[in-house]
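Descriptive structure summary
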Amino acid sequence: MMMITIEVIQPKALTFSTSTSNAKTKHQRYSLHVQSQYHQWHLPSSNFPSITMIRSRGRRTIVTCSFSSSSPSPPNEEEEEEVVVDGERVNTNVKTLFRRFWKVAAPYWFSDDKAQARLRLGAVFALTLATTGISVAFNFLGRDFYNALANKDQQQFTKQLIFYLGGFAGGIPFFVLRDYARETLALRWRSWMTTYYMERYLKDQTFYKIQSQSIIDNPDQRIVDDLSSFTGTALSFSLTLFNAAVDLISFSNILYGIYPPLFAVLLVYSLGGTAISVFLGKGLVALNFLQEKKEADFRYGLVRVRENAESISFYGGEENEMQLLLQRFRSAFENLTKLLISSRNLEFFTNGYRYLIQILPAAVVAPMYFSGKIEFGVINQSVSAFNHILGDFSLIIYQFQAISAFSAVIDRLGEFDDILDSSSSKSLADSSEEICLMYCSTKSVARLEFNASIPLDRCRKLLDIENLTLQTPNKATLIQDLSLVINRNDHLLIMGPSGSGKTSLLRALAGLWSTGSGKITFYVNDGDDAQPPPSSNVASEMTASPERPIRRHSGSIFFLPQRPYMVLGTLRQQLLYPTWAEIEIPMKNGNKQSGSPPFLMQKSNLEYVGKKLTKPTTDDLVQVLEDVRLGYILSRFRNLESLQEWSSVLSLGEQQRLAFARLLLSKPTLVLLDEATSALDEANEVHLYQKIKAAGITYISVGHRRTLYNYHSRILHVTSVDSVNDQQNWHIEAVIRDVFNLSKSS
Ligand SMILES: Nc1ncnc2c1ncn2[C@@H]1O[C@H](COP(=O)(O)OP(=O)(O)OP(=O)(O)O)[C@@H](O)[C@H]1O
């Protein structure tokens, strides 16, 4: 194992902060312990891009990586990528940038909102065209106005003045409306994109995979900030380009008509200027990319302090937090300093470029005026036309900062999009190397079994684990060849030393981890009224083929983690989570409202496959709070609509009881409890287990306490795996309750 300090910009760029030029690493795959300022990863060779070449250029070391299909999220399989060590990243080429731009931008224009989108875009372009026409009219008005002034023709001057004022009154609304239409379209596009990205982010536990495997940094910032600036900037850039093209055509005629050599001067000036600005600003894209990341890291650090305020205070960790936060801020600050220096160098040039053009056209055409070939107004007209055309030709120069910031946004969003796509395509692929997780309809099984005369006791089955070998995402084996059947009312306790893989087994059952082999089948009761959600082909397939693998939760199965998750919301929302949403988006005829903003989505997209439950009434909620001995919090917080930071105002034991209240409301067939009563006293523990048993819920618990023996019929003992012998590291035994009583009396 090689220790290196590394900063990873996933999935392609690796910026090493220490030199790793080591000839021995050439052409080898390594198991790397990767450590950044904020994260640590252990990446085995199979998960890490193989290093095919290391070169040194002065202080900089360049590592060329080859991404194989097993790399975390390769952009393209077996793609060669160059990454820079101890320097800025250079991996984004123009082709990739265009590919990513199209991939991110296109879906909206072909979505179900496409009619509105295209109509509005057409309107924005039409208004832009109108504003260009108005600019051309002003150019001619200006010529006649100054001619009248130079000729001391008062009557003509007054006439031109009235035209000018009339032109302002009629023309200005077009400019305002163009901007308004563009911004509302950008907002609409953003709201659609936000829903689209959030849907994919929350689907198939992608958010969990991204977070637990540190696949990319700050997905939240990409959804909030990057999407907003992408839609706004993409629209304004397209319009700027369109405007520039129309402007160029309109004003080129004018300028060429006045004096052709002036046109040649303009071409040379703008092309030379563009080349110099590209040269001066070439580092800005990478710096902007890093700036976005570092700012988001800093903000995330502050959010974590807020979320863990109590733990930090108990530890007295303020000093440490301050150091860590300052480190993040310093990193953003240093990068911003570099960014400012690059911008300053570019600005020296752009400003000079911009000011010179104020006198250049006048200087070129002045000899013609002195020789009497042109009137004075023509000088003004040529300056105006020259400025317009030069502005069009100099787009890259004027917008270089914005273009480089936009490229960074495209890069970050494209990377995110690739990962979301690879996650969903992976989830659909039925890989033979993965644990196969299935939800099987008991109704269909019963029907099949009736036809095939298979014993009906299979209908009692809730869970069947066959030859399960479970590994961590980095392939360390935790459980070897586990086979187990859970029937109705057959309550199982999982015990074992810390780190042996008990929670990981629940992760595999929940579909969060799939590394390993074997098969897990849940037998879910989908109820008589279960209708497949319109967008899902899963449920309908289930009826046709009951053992088709699907990757989603069923309402029949519930998971309770050790630290319950408290949602942001009222007490009522806490209790309804996750089975019901308190706020339901109104739909017309069950479909999306016509003309509604594109962010409204059908609730059924998020619904469980499985039985549908009627939503509990206020009385039900009050009763369930009593059932879990939490009735007193109602009077303490006034009513169910009370809004609090629940994870702070409730003790861990109270949060665990609230989680049991959710469980009793949802009435699943099977529940998986991960040390879900660890913070409770024995009396409350007994009470809650009795409640869920009385509700007919079968449970599988993970725990260390011997008091748990009382409520379970069997124990699965897991021990640490023996890496040499590859033997089974588990055994099951029936609970002998005397054991508990004996231990209690001793
Ligand atoms: N995301 C991860 N990537 C790699 N390894 C992990 C990850 N999460 C946990 N592990 C490792 O998997 C092993 C099993 O973890 P697990 O949480 O299942 O243990 P456990 O038996 O529930 O422990 P405890 O009783 O302490 O809660 C541990 O060695 C842990 O370090």
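What you see is a predicted model; the values in this text were computed from it and never measured.

**Considerations on the overall build of the protein chain**
Each helix and strand in the protein chain was counted, giving 23 helices and 19 strands. By the burial criterion, 32% of the 746 residues in the protein chain qualify as buried. In the protein chain, once contacts between residues fewer than 6 apart in sequence are set aside, the share between residues at least 24 apart is 75%.

**Section: the UniProt feature "transmembrane region" (unreviewed entry) in the protein chain**
Summarizing the sequence annotation, UniProt attributes the feature "transmembrane region" (unreviewed entry) to residues 121-141, 161-181 and 262-290 in the numbering used throughout. Spanning residues 121-141, this segment combines 100% helix with 0% strand, and its end C-alpha atoms are found 30 Å apart.

**Regarding the nonpolar core**
With 66 residues, the main nonpolar core has Ile 494, Ala 661 and Val 671 as its most contacted residues. If one sorts the elements of this core by residue count, helix H21 (residues 652-666) sits on top with seven residues. In terms of nonpolar packing, the next biggest core, distinct from the first, is built from 36 residues, Val 104, Ile 216, Ala 286 and Phe 400 among them.

**Quick word on the sheet that holds strand E12 (residues 516-524)**
Overall, mixed pairing links the four strands, which are arranged E8-E12-E9-E10 in an open sheet. Edge positions in the sheet fall to strand E8 (436-441) and strand E10 (477-487), since each has one partner strand and no second. Within the sheet, the average angular offset between the axes of one strand and its neighbour, ignoring direction, is 15°. Across seven bridges, the pairing between strand E9 (residues 461-471) and E10 is antiparallel. Pairing of Leu 468 across the sheet is with Leu 482, part of E10.

**Focus: H21**
Here H21 contains 15 residues, and its C-alpha end-to-end distance of 21 Å stays within 8% of the 21 Å for a straight helix at 1.5 Å per residue. The element H21 is largely enclosed, with a buried count of 11 among its 15 residues. Those residues of H21 that fall on the buried side of the exposure criterion are Glu 654, Gln 656, Arg 657, Leu 658, Ala 659, Phe 660, Ala 661, Leu 663, Leu 664, Leu 665 and Ser 666. Considering only its buried residues, H21 is in contact with strand E13 (557-560), helix H17 (571-576), helix H18 (618-627), strand E16 (670-674) and helix H22 (682-694). Lys 667 lies just past H21 and shows a positive phi near 45°.

**Digging into the site of the ligand**
Looking at the ligand, there are 13 residues lining it, with Thr 472, Ser 498, Lys 502, Thr 503 and Ser 504 nearest. Considering every element that reaches the shell around the ligand, the biggest residue donor is helix H15 (residues 502-509), with three residues. Class assignment of the residues belonging to the shell around the ligand gives a composition of two nonpolar, 10 polar and one charged.

**A closer look at the sheet that holds strand E17 (residues 698-702)**
Ordered in space as E13-E16-E17-E11-E18-E19, the six strands form an open sheet in which the pairing is mixed. On the outer flanks of this sheet lie E13 and strand E19 (730-734), each paired with one strand and no other. Going from strand to strand, the sheet's axes swing by 15° on average, the running direction of each strand aside. The pairing of strand E11 (residues 492-495) with strand E18 (residues 714-718) spans four bridges and is parallel. The residue bridging Leu 493 from the neighbouring strand is Ile 715, located in E18. In the packing of H15 onto the sheet, the strands contacted are E11, E13, E16, E17 and E18, and the crossing angle to E16 comes to about 145°.

**A word on the packing of helix H6 (residues 260-280) against helix H11 (residues 376-393)**
The N-to-C vectors of H6 and H11 enclose an angle of 30°; their axes lie 10 Å apart at closest approach. Between H6 and H11 the crossing geometry is right-handed. Residues Leu 262, Leu 266, Tyr 269 and Ser 270 of H6 form the contact with H11, whose own contacting residues are Ser 382, Phe 386, Ile 389, Leu 390 and Phe 393.

**Comments concerning unusual backbone geometry**
For the bond running from Tyr 577 to Pro 578, omega is -5°, close enough to zero to count as cis. Along the chain, Pro 578 falls in the loop between H17 and H18. Even without being a glycine, Asn 467 presents a positive backbone phi close to 45°. Backbone geometry at Glu 675 places phi at a positive 45°, although glycine is not the residue there. With respect to the helices, strands and loops of the structure, Glu 675 is situated in the loop between E16 and H22. For Glu 675, a count of 19 C-beta atoms within 10 Å translates into the label partly exposed.

**Looking at the confidence of the model for the protein chain**
Summarising the model, the protein chain shows a mean pLDDT of 75, and 73% of its residues fall at 70 or more. Here residues 427-431 is modelled with pLDDT under 50, and outside its nearest four sequence neighbours on either side it reaches three contacts, counting other chains as well. Here residues 528-552 is modelled with pLDDT under 50, and outside its nearest four sequence neighbours on either side it reaches 41 contacts, counting other chains as well. Reported confidences for the modelled complex are a pTM of 0.67 and an ipTM of 0.97.

**Overview of helix H9 (residues 318-356)**
Between its first and last C-alpha atoms H9 spans 55 Å; for 39 residues at 1.5 Å apiece the expected length is 57 Å, and the two agree. Taken as a whole, H9 has its buried residues at Arg 328, Asn 335, Leu 339, Ser 342, Ser 343, Leu 346, Thr 350 and Tyr 353.

**Thoughts on the packing of H21 against H22**
The N-to-C vectors of H21 and H22 enclose an angle of 10°; their axes lie 11 Å apart at closest approach. It follows from the interaxial angle that H21 and H22 lie roughly parallel. In this structure, H21 uses Arg 657, Phe 660, Leu 663 and Leu 664 to contact H22, whose residues at the interface are Asn 684, Leu 688, Lys 691 and Ile 692. When its residues are assigned to classes, the contact of H21 with H22 shows five nonpolar, one polar and two charged.

**Notes on the environment of Lys 209**
Among the structural elements, Lys 209 can be located in helix H4 (residues 206-212). Sequence spacing of Lys 209 and Pro 473 is 264 residues, and the spatial spacing of their C-alpha atoms is 9.8 Å. Those residues within four positions of Lys 209 in sequence are excluded, and the remaining contacts are Ile 215 and Ser 423.

**Some thoughts on the environment of Ile 216**
Structurally, Ile 216 is set in the loop between H4 and helix H5 (219-258). Between the C-alpha atom of Ile 216 and that of Phe 416, which follows or precedes it by 200 residues, the distance is 7.5 Å.

What counts as what
- Residues numbered from 1 in each chain as written.
- Predicted model: local features only at pLDDT ≥ 70, side-chain atom pairs only at ≥ 80, totals over all residues.
- Helix = DSSP H or I, 4+ residues; strand = E, 2+ residues; numbered from the N terminus.
- Buried ≥ 20, exposed ≤ 12 C-beta atoms within 10 Å, placed from the backbone.
- Contact = placed C-beta atoms within 7 Å.
- UniProt positions renumbered as here; feature names shortened; annotations may be inferred.
- Core = buried A, V, L, I, M, F, W, Y, C linked by C-beta atoms within 7 Å.
- Pairing = 2+ DSSP bridges.
- Axes fitted to C-alpha atoms, helices over the stretch in contact; angles between N-to-C directions.
- Expected span 1.5 Å × (residues − 1).
- Near = placed C-beta within 6 Å.
- Nonpolar A, V, L, I, M, F, W, Y, C, P; charged D, E, K, R; others polar.
- Left-handed = near helix turned anticlockwise from the far one by under 90°.
- pLDDT = per-residue confidence, 0-100.
- Parallel < 35°, antiparallel > 145°, perpendicular 65-115°, else oblique.

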